[in-house]
Amino acid sequence: MHIKTTETSCESIPLPIVRLNRTVLLAGVLGALTLRQPLLITLLFVIILPAAIFGRRASLVYFAGSRLFAQKNREAAVESPQLMRFNNSIAAVLLGFSQLAFLLGAPTAGWILAGMVGVAAAVALGGFCFGCFLYYQFNLQRYRLFGK
């Protein structure tokens, strides 16, 4: 799903920012699990939700990554903003349900849901993006059902 280009398009997201997003998710979930602090999951939810709803213009991670990796971003491979938003939407839904589970007194379910986000981020950092796979399958099935 990554596109190699020497010129970063205004509409694409450089891979250093994508990796930063995954790292933030993984570190946040691991930190929350280690400290047994659901409030860190809330913080992750608050960081990811605007990016899922409004895209990169509301993404704290995109803003930070644009500044931190300005040099690398110029020549980095890029990813589709729709794919990044889809992945952030999945993370936001899982983190939101995790919050709901914590509020309803089901901490085990909350940790499992948050853990799913952490596992997906870790696997994506390792090279296989499960959200990308789901995005591809979703679009494939939508095309089969409805055509173009």
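Calculation criteria
Residue positions are given per chain, counted from 1 along the sequence in the order it is written. Where totals are concerned, whole chains, interfaces and linings use all residues; where local detail is concerned, this predicted model gives features only for residues with pLDDT of at least 70, and gives and counts side-chain atom pairs only at 80 or more. Heavy atoms from the whole structure form the basis of all side-chain values; hydrogens and water molecules are not counted. Numbering of helices and strands runs from the N terminus, with a helix taken as a DSSP run of H or I at least four residues long and a strand as a DSSP run of E at least two residues long. Here the expected length of a helix is defined as 1.5 Å per residue gap, with one fewer gap than residues. Axes here mean lines fitted to C-alpha atoms, for a helix over just the part in contact, with angles spanning 0 to 180 degrees between N-to-C directions. With the far helix as reference, a near helix turned anticlockwise by less than a right angle produces a left-handed crossing, and one turned clockwise produces a right-handed crossing. For this analysis, residues touch if any pair of their heavy atoms sits within 4.5 Å. Note on ring pairs: Phe, Tyr and Trp rings are taken, using the six-membered ring of Trp, and paired if centres are within 6.5 Å. Classes follow the plane angle, with under 30 degrees stacked, over 60 edge-to-face and the rest tilted. Put simply, a charge is over a ring when the Lys NZ or the Arg CZ is close to the ring centre, within 6 Å, and near the line of the ring normal, within 35 degrees. Put simply, a salt bridge is a Lys or Arg side-chain nitrogen that is within 4 Å of an Asp or Glu carboxyl oxygen. When a residue's accessible area, from a 1.4 Å probe over protein chains only, is under 20% of the maximum for its type it is buried; when over 50% it is exposed; and in between it is partly exposed.

So what's going on with helix α5 (residues 81-103)? Which residues, and what values?
Under the 1.5 Å per step criterion, the end-to-end length of α5 is 32 Å for 23 residues, consistent within 8% with the ideal 33 Å. Following α5 by one or two positions, glycine 105 adopts a phi angle in the positive range, close to 80°.

Before we move on, can you summarise the packing of helix α2 (residues 38-54) against α5 with the specific residues and values?
What describes two packed helices is the angle between their axes and the distance between those same axes. Running from N to C, α2 and α5 point in directions that differ by 145°, and their axes come no closer than 8 Å. When you trace α2 past α5, the crossing you get is left-handed. Within the contact between the two elements, α2 uses Pro38, Ile41, Thr42, Leu44, Phe45, Ile48, Leu49, Ala51, Ala52, Ile53 and Phe54 and α5 uses Arg85, Asn88, Ser89, Ala91, Ala92, Leu95, Gly96, Ser98, Gln99 and Phe102.

Kindly report on the packing of aromatic side chains, identifying the contributing residues and their values.
Inspection of every chain in the model, using the stated rule, returns five aromatic pairs. The positively charged end of arginine 36 is found above the aromatic ring belonging to tryptophan 111, 5.7 Å away from the centroid.

Which residues make up the pattern of salt bridges, and what values do they have?
For the structure shown, the criterion picks out one salt bridge. The shortest N-O distance in the salt bridge between glutamate 79 and arginine 22 comes to 3.8 Å. Of this pair, glutamate 79 sits in strand β2 (residues 78-79) while arginine 22 sits in helix α1 (residues 15-35), placing them 57 residues apart in sequence. Across this residue pair, the class does not change: glutamate 79 and arginine 22 are buried.

Scope: geometric values only; no functional claims are made or implied.
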